Amino acid sequence: MNKYIVEFLKLHKVYYALSILFSILSAACTVLPYMISAKLIGLLIAGNKNIHDYKSYLIYLLIVLTCSNLFHKISTALSHTATFDLLATIRKRLADKLARVPLGLIDDYSSGKLKDIMVEKVEKVEVTFSHVIPEVSGNLLISILIIIYLFYLNWKLALLALCMIPLSLTLYLLKLRNMQGRFDNYMSKNATLNNTIVEYIHGIEVIKAFNQSGKQYKRLTTAVNEAAHSAIDWMRENLTGMAIAMTLLPSTILLVLPFGSLMYLKGTLPLDNFILIILLNFALFIPLLQAVGHMDNIALAGTILSSITTILDEENLSRPEKSLAEVKNYDIRFEDVSFAYKEEPVLEKINLELKENTVTALVGPSGSGKSTITKLLTSFYEVDSGKIEIGGQNIKDLSLEDLNKMIAYVSQKDYLFNTSIMENLKMGDDKKSEAEIIEICKRCGVHDFISSLENGYTTMVGSKGLSLSGGERQRICIARAMVKDAAIIIFDEATAYTDPESEELIQRSVSELIKNKTLLVVAHRLSSIVNADQIILINNKQVEASGTHEELLESSELYRNMYRAHMEYKDEVVS
């Protein structure tokens with residue numbers, strides 16, 4: 001059994017143990033009516049006309065049936081209570097895991113696939129934990145006890161009653177031998193459907209703009225049909241196997257009846273035992289059939305849990321729970337840092353230094369690795385070789401919590417949650433009062449535009465902040481970073497969606513707030529970083545040049561050409 005499942009079950013072992021116990025009691029109470037019925041039939045055959053004898057057995061029968069339903073409800077309540085808590089535990093573990101693994105792992109999964117694993121797939125194992133564990137355990141144990149009792153009554157008829165079990169189970173398992181493949185196909189087609197739906201919704205604007213509705217709709221309907229047919233194929237085979245088991249297992253009565261009758265006529269089998277054996281023959285296969293009916297759920301759970309545990313087995317970022325040393329200052333140093341994404345080299349032997357309380361800008365052609373450097377510093381990715389230091393300490397010796405406190409990160413793809421502007425700003429530092437946050441917003445130059453909104457700071461930003469413009473979202477994200485008041489600030493093309501005038505306003509507004517902080521800027525508008533203390537040119541996966549703006553204009557042809565092209569474009573836009 002998967003180590004995580006054992007771990008999760010141990011958290012709720014008392015509930016599951018009690019659920020199994022009451023399931024056994026419930027199953028036992030479903031068998032007792034057959035034994036009571038055998039007694040009643042024996043009285044009838046013997047010609048007993050004493051109504052009180054029948055009445056007592058009928059009362060026993062009523063009590064047993066009531067207890068069976070009661071025990072089943074208690075078992076189900078216990079298993080469901082434990083299971084829903086277990087599902088919550090799995091989801092929390094997955095969420096916690098995603099926060100601890102390199103960002104590259106999350107990039108490897110589409111949002112549709114992660115949502116499918118954390119929501120749909122986790123939900124699908126509910127039946128396994130809430131029904132299969134108690135019901136299969138209870139039914140199998142009761143079946144074993146019935147078999148033992150049958151051998152006690154008459155071992156010959158017991159063997160006849162069991163003879164069909166190996167055959168029916170063999171045929172059933174043969175029918176299901178490709179079930180794993182069909183179920184994997186079902187899961188794959190549904191994952192494709194999830195991704196296609198998410199992509200269709202997110203890309204609807206592009207689809208309409210480029211008149212691709214017909215093509216994309218056909219792609220979506222193809223995914224829908226394939227998912228539907230994969231489910232039909234899977235269920236058809238499962239139902240066929242179940243029908244085989246349900247037909248063959250009870251058919252042993254065709255052997256028990258004639259041979260039992262012969263033994264009764266010869267006087268070697270008492271009538272009451274014969275009647276009880278006949279009834280127990282039916283009682284035996286009800287719990288067996290119920291247990292067999294859960295085989296597809298067990299197989300389903302195995303496949304689902306493998307996809308869940310694949311994520312849980314991913315290697316965490318190598319970070320201690322508590323920092324092993326304190327940083328002396330906020331100087332940043334990259335020493336021979338190399339990094340590859342999916343075995344494709346992105347950075348090779350990067351060496352650079354950022355002094356505390358200075359502004360450093362990263363520039364270079366698109367895809368040169370500028371943003372990767374910021375993600376390595378924030379531990380979104382893990383370096384393949386080399387090391388990164390802050391204040392003389394390797395960031396691998398710092399806890400993620402301490403590292404995150406040091407750094408405020410803003411990228412062009414920064415995210416706003418579907419709540420109010422104020423709640424989004426509080427994510428920078430929820431200990432700050434609203435008055436303090438508003439004061440920071442005033443100093444950031446975003447207070448006026450927020451106040452101009454109908455609901456001001458209580459304005460709901462919508463899903464992903466889509467009720468605001470791209471520039472407005474970025475300005476709020478920058479203000480949120482300022483609320484955090486971290487010692488190191490990273491702007492990874494943080495003003496990409498703003499116009500030059502707004503960018504200049506943002507720079508003027510935050511200039512006071514970033515004083516005495518270590519600032520790292522990834523810039524595509526070179527005119528915005530001409531006053532940086534240091535500009536580092538990244539090209540061909542390495543540091544090609546570094547210095548001030550004037551020094552690079554003098555020494556680097558690539559920087560000179562990039563700056564000239566930017567200024568020509570800027571002049572064209574202005575004119």
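Refer to the structure presented above.
Quick caveat: nothing in here was measured; it's all calculated off a predicted structure.

**Quick look at the overall build of the chain**
Turning to step 1, where the next piece is worked out: When its secondary structure is counted, the chain shows 23 helices and 10 strands.
Turning to step 2, where the next piece is worked out: For the chain, long-range pairs separated by at least 24 residues make up 77% of all intrachain contacts whose partners lie at least 6 apart in sequence.
Turning to step 3, where the next piece is worked out: Here the chain has roughly 29600 Å² of accessible surface; of this, 58% comes from carbon and sulfur atoms.

**Concerning a nonpolar patch on the surface**
Turning to step 1, where the next piece is worked out: Judged by side-chain polarity, Val-14, Tyr-15, Leu-18, Leu-21 and Leu-25 come together as a nonpolar surface patch covering roughly 420 Å² of accessible area.
Turning to step 2, where the next piece is worked out: Following the sequence through the fold, Leu-21 ends up in helix α2 (residues 13–45).

**Some thoughts on the sheet that holds strand β3 (residues 359–363)**
Adjacent strands of a sheet pair through backbone hydrogen bonds, lying either parallel or antiparallel.
Turning to step 1, where the next piece is worked out: Taken together, the 6 strands give an open sheet; going across it, the order is β6-β7-β8-β3-β9-β10, and neighbouring strands pair in mixed fashion. Each edge of the open sheet is held by one strand with a lone partner, namely β6 (407–411) and β10 (542–547). Across the sheet, the mean angle separating the axes of adjacent strands is 15° when strand polarity is ignored.
Turning to step 2, where the next piece is worked out: Summarising the sheet, strand β7 (residues 488–492) and strand β8 (residues 518–522) pair through 5 bridges and their orientation is parallel. Residue pairing in the sheet places Ile-489 in a bridge with Leu-519 of β8.
Turning to step 3, where the next piece is worked out: Helix α15 (residues 370–377) rests against β3, β6, β7, β8 and β9 (534–539) of the sheet, and its axis sits at about 150° to β7.
Turning to step 4, where the next piece is worked out: Across the face of the sheet, helix α20 (residues 470–484) comes into contact with β6 and β7 while running at roughly 175° to β6.

**A short note on the sheet that holds strand β5 (residues 393–394)**
Turning to step 1, where the next piece is worked out: Sheet architecture is open: 4 strands sit in the order β2-β1-β4-β5, paired in antiparallel fashion. A strand with exactly one partner marks an edge of an open sheet, and here the two such strands are β2 (344–354) and β5.
Turning to step 2, where the next piece is worked out: Pairing of strand β4 (residues 385–390) with β5 involves 2 bridges; the strand directions are antiparallel. Looking across to β5, one finds that Ile-390 is bridged to Gln-393.
Turning to step 3, where the next piece is worked out: α15 rests against β1 (332–341), β2 and β4 of the sheet, and its axis sits at about 110° to β1.

**Focus: the packing of aromatic side chains**
To describe a pair of aromatic rings, you give the distance between the ring centres and the angle between the ring planes.
Turning to step 1, where the next piece is worked out: Scanning all chains against the criterion turns up 8 aromatic pairs.
Turning to step 2, where the next piece is worked out: With centroids separated by 5.9 Å and ring planes inclined at 15°, the aromatic side chains of Tyr-149 and Tyr-152 adopt a geometry described as stacked. You can see Tyr-149 and its partner Tyr-152 sitting in helix α6 (residues 126–153), 3 residues apart, about one turn around the helix.
Turning to step 3, where the next piece is worked out: Classification of Tyr-149 as partly exposed rests on a relative accessible area of 30%.
Turning to step 4, where the next piece is worked out: Taking 5.1 Å as the distance between ring centres and 70° as the angle between the ring planes, the aromatic pair formed by Tyr-415 and Phe-417 counts as edge-to-face.

**Section: the environment of Val-522**
Turning to step 1, where the next piece is worked out: Within the secondary structure, Val-522 sits in strand β8.
Turning to step 2, where the next piece is worked out: Residue class for Val-522 comes out buried when judged on its relative accessible area of 2%.
Turning to step 3, where the next piece is worked out: Remark: the alpha-carbon pair of Val-522 and Thr-374, spanning 148 residues in sequence, is separated by 8.3 Å.
Turning to step 4, where the next piece is worked out: With residues near it in sequence (within four places) discarded, Val-522 still touches Leu-362, Lys-370, Thr-374, Phe-491, Asp-492 and Glu-493.

**Structural notes on the nonpolar core**
Turning to step 1, where the next piece is worked out: Leu-425, Cys-441, Met-482, Phe-491, Ile-529, Ile-535 and Tyr-559 are the most contacted members of the largest nonpolar core, which has 42 residues in total.
Turning to step 2, where the next piece is worked out: If one sorts the elements of this core by residue count, α20 sits on top with 7 residues.
Turning to step 3, where the next piece is worked out: When neighbours within four sequence positions are excluded, Leu-425 is seen to be in contact with Ile-437, Cys-441, Tyr-457, Ile-476, Ala-479, Arg-480 and Val-483.
Turning to step 4, where the next piece is worked out: With 30 residues, the next largest nonpolar core counts Leu-347, Leu-354, Ile-407 and Leu-520 among its residues.

**Some details on the packing of helix α18 (residues 434–444) against α20**
A pair of packed helices is captured by two measures, namely the crossing angle of their axes and the spacing between those axes.
Turning to step 1, where the next piece is worked out: At a minimum axis distance of 10 Å, the contact between α18 and α20 shows a crossing angle of 125°. Our classification of the angle between α18 and α20 gives oblique. Handedness of the α18/α20 crossing: right-handed. In contact with Ile-437, Ile-440, Cys-441 and Cys-444 of α18, α20 contributes Ala-479, Met-482 and Val-483.

**Structural notes on the packing of α2 against helix α3 (residues 51–100)**
Turning to step 1, where the next piece is worked out: Where α2 contacts α3, the axes come no closer than 7 Å and their chain directions differ by 160°. Taken as axis vectors, α2 and α3 run roughly antiparallel relative to one another. Once α2 is placed against α3, the crossing between them reads as left-handed.
Turning to step 2, where the next piece is worked out: Of the residues in the contact of α2 with α3, the class split is 25 nonpolar, 10 polar and 2 charged.

**Topic: α3**
Turning to step 1, where the next piece is worked out: Spanning 50 residues, α3 covers 73 Å between terminal C-alpha atoms, matching the ideal 74 Å at 1.5 Å per step.
Turning to step 2, where the next piece is worked out: Backbone nitrogen of His-52 and a side-chain oxygen of the N-cap are separated by 3.1 Å at the start of α3; the cap is Asn-50.

**Description of the pattern of salt bridges**
Turning to step 1, where the next piece is worked out: Within this structure, the stated rule accounts for 15 salt bridges.
Turning to step 2, where the next piece is worked out: For the salt bridge of Lys-355 with Glu-353, the shortest nitrogen-to-oxygen distance reads 3.9 Å.
Turning to step 3, where the next piece is worked out: The class for Glu-353 is partly exposed, based on a relative accessible area of 42%.
Turning to step 4, where the next piece is worked out: Ionic contacts of the salt-bridge type, sharing partners, join the residues Arg-333, Glu-335, Glu-353, Lys-355, Lys-387 and Glu-389 into one network.

**Observations regarding helix α1 (residues 3–11)**
Turning to step 1, where the next piece is worked out: When α1 is considered as a whole, its buried residues turn out to be Tyr-4, Ile-5, Phe-8 and Leu-9. Down the axis, α1 shows its buried residues gathered within 130° of arc, on one side only. In α1, the exposed residues that point more than 90 degrees away from the buried face are Lys-3 and Lys-10.

**Quick look at the pairing of β4**
Turning to step 1, where the next piece is worked out: Relative to β4, β1 runs antiparallel, the two being bridged by 5 bridges. Residue pairing across strands places Ser-338 opposite Ser-385, the latter belonging to β4.
Turning to step 2, where the next piece is worked out: Here β4 hands over to β5 after 2 residues, with Gly-391 in that stretch at a positive phi of 60°.

**Some thoughts on the side chain of Arg-480**
Turning to step 1, where the next piece is worked out: When you line up the elements, Arg-480 lands in helix α20.
Turning to step 2, where the next piece is worked out: Here Arg-480 is in contact with Asp-414, Tyr-415, Leu-416, Asn-424, Leu-425, Met-427 and Gly-428, once residues within four sequence places are set aside.

**Regarding the environment of Phe-417**
Turning to step 1, where the next piece is worked out: Within the secondary structure, Phe-417 sits in the loop between β6 and α17 (421–426).
Turning to step 2, where the next piece is worked out: Exposure remark for Phe-417: the relative accessible area of 42% places this residue in the partly exposed category.
Turning to step 3, where the next piece is worked out: Those residues within four positions of Phe-417 in sequence are excluded, and the remaining contacts are Asn-424, Met-427, Val-461 and Gly-462.

**What about the environment of Ala-191?**
Turning to step 1, where the next piece is worked out: Within the secondary structure layout, Ala-191 lies in helix α9 (residues 179–202).
Turning to step 2, where the next piece is worked out: A relative accessible area of 16% means that Ala-191 is categorised as buried.
Turning to step 3, where the next piece is worked out: Distance in space between the C-alpha atoms of Ala-191 and Asp-116 is 6.9 Å, their sequence separation being 75 residues.

Rules used in this analysis
Throughout this document, residue positions are counted from 1 along each chain, in the order its sequence is written. pLDDT decides what is reported in this predicted model: residues at 70 or higher carry local features, side-chain atom pairs at 80 or more are listed and counted, and totals for whole chains, interfaces and linings draw on all residues regardless. Hydrogens and waters are ignored; side-chain quantities use all the structure's heavy atoms. Each helix is a run of DSSP H or I of at least 4 residues and each strand a run of E of at least 2, with the numbering of both proceeding from the N terminus. Whether two residues touch is decided by their heavy atoms; if any such pair falls within 4.5 Å, the residues are in contact. Calculation of accessible area relied on Shrake-Rupley with a 1.4 Å probe; when residues are assessed, cover is drawn exclusively from the protein chains displayed. Every patch collects residues that have over 30% relative accessible area and no salt bridge, joining them within 9 Å if they carry like charges and within 5 Å if they are nonpolar side chains (Val, Leu, Ile, Met, Phe, Trp, Tyr). Salt bridge criterion: a side-chain nitrogen from Lys or Arg within 4 Å of a carboxyl oxygen from Asp or Glu. Think of it this way: DSSP has to see at least two bridges between two strands before they count as a pair. Between N-to-C directions, angles cover 0 to 180 degrees, with each direction set by a line fitted to C-alpha atoms, over the stretch in contact for helices. Here a Phe, Tyr or Trp ring, Trp counted by its six-membered ring, pairs with any other such ring whose centre lies within 6.5 Å, and the pair is stacked when the planes are under 30 degrees apart, edge-to-face when over 60, and tilted otherwise. The buried label goes to any residue with under 20% of its type's maximum accessible area, the exposed label to any with over 50%, and the partly exposed label to all in between, with areas taken from a 1.4 Å probe on protein chains only. As used in this record, nonpolar core signifies buried Ala, Val, Leu, Ile, Met, Phe, Trp, Tyr and Cys residues forming a set joined through side-chain atoms within 4.5 Å. To sort the angles, those under 35 degrees are grouped as roughly parallel, those over 145 as roughly antiparallel, those from 65 to 115 as roughly perpendicular, and the leftovers as oblique. Crossing handedness: left-handed means the near helix sits turned counterclockwise from the far one by under a right angle, and right-handed means the same turn made clockwise. Under the scheme applied here, ten amino acids are nonpolar (Ala, Val, Leu, Ile, Met, Phe, Trp, Tyr, Cys and Pro), four are charged (Asp, Glu, Lys and Arg), and all others, including Gly, are polar. Expected helix span is given by 1.5 Å per residue-to-residue step, counting one fewer step than there are residues. Two N or O atoms form a polar contact when they lie within 3.5 Å of each other; inside protein one atom must be a possible hydrogen donor and the other a possible acceptor, and for residues adjacent in sequence the pair counts only when both atoms belong to side chains. The directions considered for the arc run from the helix axis to the C-beta atoms.

Note that all results are geometric; they support no functional claim without further evidence.
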